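Overview (structure and organization)
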Number of protein chains: 2
Amino acid sequence: MLFCPTAFHGSEVTAMSDGSSDPSGSRDLTALFDTVEFPDAFRITYLGNAIINPVYDAIKRDFGLIRPEYTVLACLSHYPELTAQDVATISRQPRNTISRAVHRTLAEGYIERAPDPEDGRQARLRITPAGRALHKKAAAYMAARQEEVLAGLDAGERRTLGALLRKAAQYAAALRE
Amino acid sequence: MLFCPTAFHGSEVTAMSDGSSDPSGSRDLTALFDTVEFPDAFRITYLGNAIINPVYDAIKRDFGLIRPEYTVLACLSHYPELTAQDVATISRQPRNTISRAVHRTLAEGYIERAPDPEDGRQARLRITPAGRALHKKAAAYMAARQEEVLAGLDAGERRTLGALLRKAAQYAAALRE
DNA sequence: GACATATTGTTCCAAATGGAACAACATTGG
DNA sequence: CCAATGTTGTTCCATTTGGAACAATATGTC
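Our subject in this report is the structure included herewith. (Residues numbered from 1 in each chain as written. Chains lettered and ligands numbered in written order. Predicted model: local features only at pLDDT ≥ 70, side-chain atom pairs only at ≥ 80, totals over all residues. Heavy atoms only, no water.)

On to the protein's contact with DNA strand D. Among the 24 residues in the neighbourhood of DNA strand D, the closest are listed as Asn96(A), Gly120(A), Gln85(B), Ser99(B) and Arg113(B). The share of sugar and phosphate among atoms of DNA strand D within 4 Å of the protein is 58%. Measuring from a phosphate oxygen of DNA strand D, one finds a side-chain N or O atom of Ser99(B) at 2.8 Å. Taking Ala123(B), its main chain carries an N or O atom lying 3.3 Å from a phosphate oxygen of DNA strand D. Of all the secondary structure elements, the ones that give two or more residues to the surface near DNA strand D are helix H5 (95-108) of chain A together with helix H4 (84-91) and helix H5 (95-108) of chain B. Per-element accounting of the surface near DNA strand D gives the leading share, five residues, to H5(B). (Near = heavy atom within 4 Å. Polar contact = N/O pair within 3.5 Å; in protein donor to acceptor, adjacent residues only side chain to side chain. Helix = DSSP H or I, 4+ residues; strand = E, 2+ residues; numbered from the N terminus.)

With respect to the helices and strands, Met142(B) occurs in helix H6 (residues 129-149). Distance from Met142(B) to Asn53(B), taken between C-alpha atoms, is 9.8 Å for residues 89 residues apart in sequence.

In the region of DNA strand C, 23 residues are neighbours, and Gln85(A), Ser99(A), Arg113(A), Asn96(B) and Gly120(B) sit closest. Here a phosphate oxygen of DNA strand C sits 3.1 Å away from a polar atom, N or O, in the side chain of His103(A). Residue Ala123(A) places a main-chain N or O atom 3.3 Å away from a phosphate oxygen belonging to DNA strand C. Elements represented by at least two residues in the surface near DNA strand C include exactly helix H4 (84-91) and H5 of chain A together with H5 of chain B. Here the surface near DNA strand C is built from residues that sort into six nonpolar, ten polar and seven charged. (Nonpolar A, V, L, I, M, F, W, Y, C, P; charged D, E, K, R; others polar.)

To continue, consider the environment of Ala138(B). All names here are of chain B. On the secondary structure map, Ala138 appears in helix H6. A relative accessible area of 0% places Ala138 in the buried class. When the C-alpha atoms of Ala138 and Val55 are compared, they prove to be 8.1 Å apart, with 83 residues separating the residues in sequence. Once you skip the residues sitting within four places of it in the chain, Ala138 turns out to touch Ile59, Phe63 and Tyr70. (Buried < 20%, exposed > 50% of the residue type's maximum accessible area, 1.4 Å probe, protein only. Contact = heavy atoms within 4.5 Å.)

It is worth spelling out helix H6 (residues 129-149) of chain A at this point. Here H6(A) is 21 residues long and its end C-alpha atoms lie 30 Å apart, about the 30 Å a rise of 1.5 Å per residue gives. All of the buried residues in H6(A) are Gly131(A), Leu134(A), His135(A), Ala138(A), Ala139(A), Met142(A), Arg145(A), Gln146(A) and Val149(A). The arc that holds the buried residues of H6(A), viewed along the axis, is 135°, so those residues lie on one side. Residues of H6(A) that are exposed and angled more than 90 degrees away from the buried face: Pro129(A), Lys136(A) and Lys137(A). Here the buried face of H6(A) lies against helix H2 (39-63), helix H3 (67-76), strand S2 (123-127) and helix H7 (155-175) of chain A together with helix H2 (39-63) and helix H7 (155-175) of chain B. (Expected span 1.5 Å × (residues − 1). Arc of directions from axis to C-beta.)

Residue and element names in this part refer to chain A. Within this structure, the stated rule accounts for 26 salt bridges over all chains. Asp34 is paired through a salt bridge with Arg43; the nearest N and O atoms lie 3.2 Å apart. Residue classification places Asp34 among the exposed residues on the basis of a relative accessible area of 51%. On the accessibility criterion, Arg43 (6% relative accessible area) is buried. Among the ionic pairs, Arg126 bridges to Glu81, the shortest N-O distance being 3.3 Å. Highlighted residues: Arg126 in strand S2 and Glu81 in the loop between H3 and H4, separated in sequence by 45 residues. Here Arg126 falls in the partly exposed class, since its relative accessible area comes to 38%. (Salt bridge = Lys/Arg side-chain N within 4 Å of Asp/Glu carboxyl O.)

Shown next as structure tokens:
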């Protein structure tokens, strides 16, 4: 999962800036937000974790899919056909992780696999209607949580953030070190 | 690790919008950026992963610290004294993960532990000079990578992004569901 | 064709992860 | 004081993770 220097998985941070009895000196556990040496990276990962971790928990709870399995569905729901290697490349996950996820989603009937007639090494993967329906529900979870976490911004700020993220992500994707 | 719906760990995405020979239809593997149902969450996690994953790899390679171990150092370098539970709360990681990390960083001499005279259950943790020196180097890695990944924005955009992230993260931290 | 090299998907294995239960200590209410 | 309940840090264990090696297939070079 996304992890910050201090690996925020969810979102709660105890705020106790009320000057209450505090035996060990400074105890506002949110101080890291402002004192850390890389506040932008910190906040980006914090927000990312706040969005995706509860959603992945819910996807596992409600649909029985773990992260790489949903990864397969999410990729296949936006391309008519992909190989396992394609999914690994898109998602930047190891091939063996994707291989396992493909087997499980295949067994559950969420995707289907056909040998590639032009290349005996690879197989062409497609999402099934059941898989697409599941992805639709899961994507709604994610979209809803995205709104929830970013609700502190007003409409204009929200648009600005979106535009900046778009530009930054496009640049980052081209970095390809 | 931070994981997007499609779990971007690093940052490279193959761009091939050159209309080259493409047997299986649409093959621009960056399409997800624009077609995914939650583009903001997607880009936030993408950027987060692009920053932190290479850095954690480098921290492991150069200093032999894994993520939770660096988490302990990062937390302790911003507070004079914390308990293991404090670190777990701040970092939102399981207590057993932090417990292990405390043992290892203790053994390496990066932190020190003293029993709490007022509460026999807990121990007070402090960072040592060696730990602080290590954190300083690691934090420089993170800050440098942050700049690298966000270099697609100009100074003004960068400031705006920082302000929006600050506001959004503050709100998200207060969500505490 | 023959051989070296690359790629796909898989299995193996060592490490990391996190939920659950646990002992030790603390707190509360009688 | 005593019992019930809560908290801290730890251990246990099942699951997840990802690097490495592997067989099967493909490509390139001679």
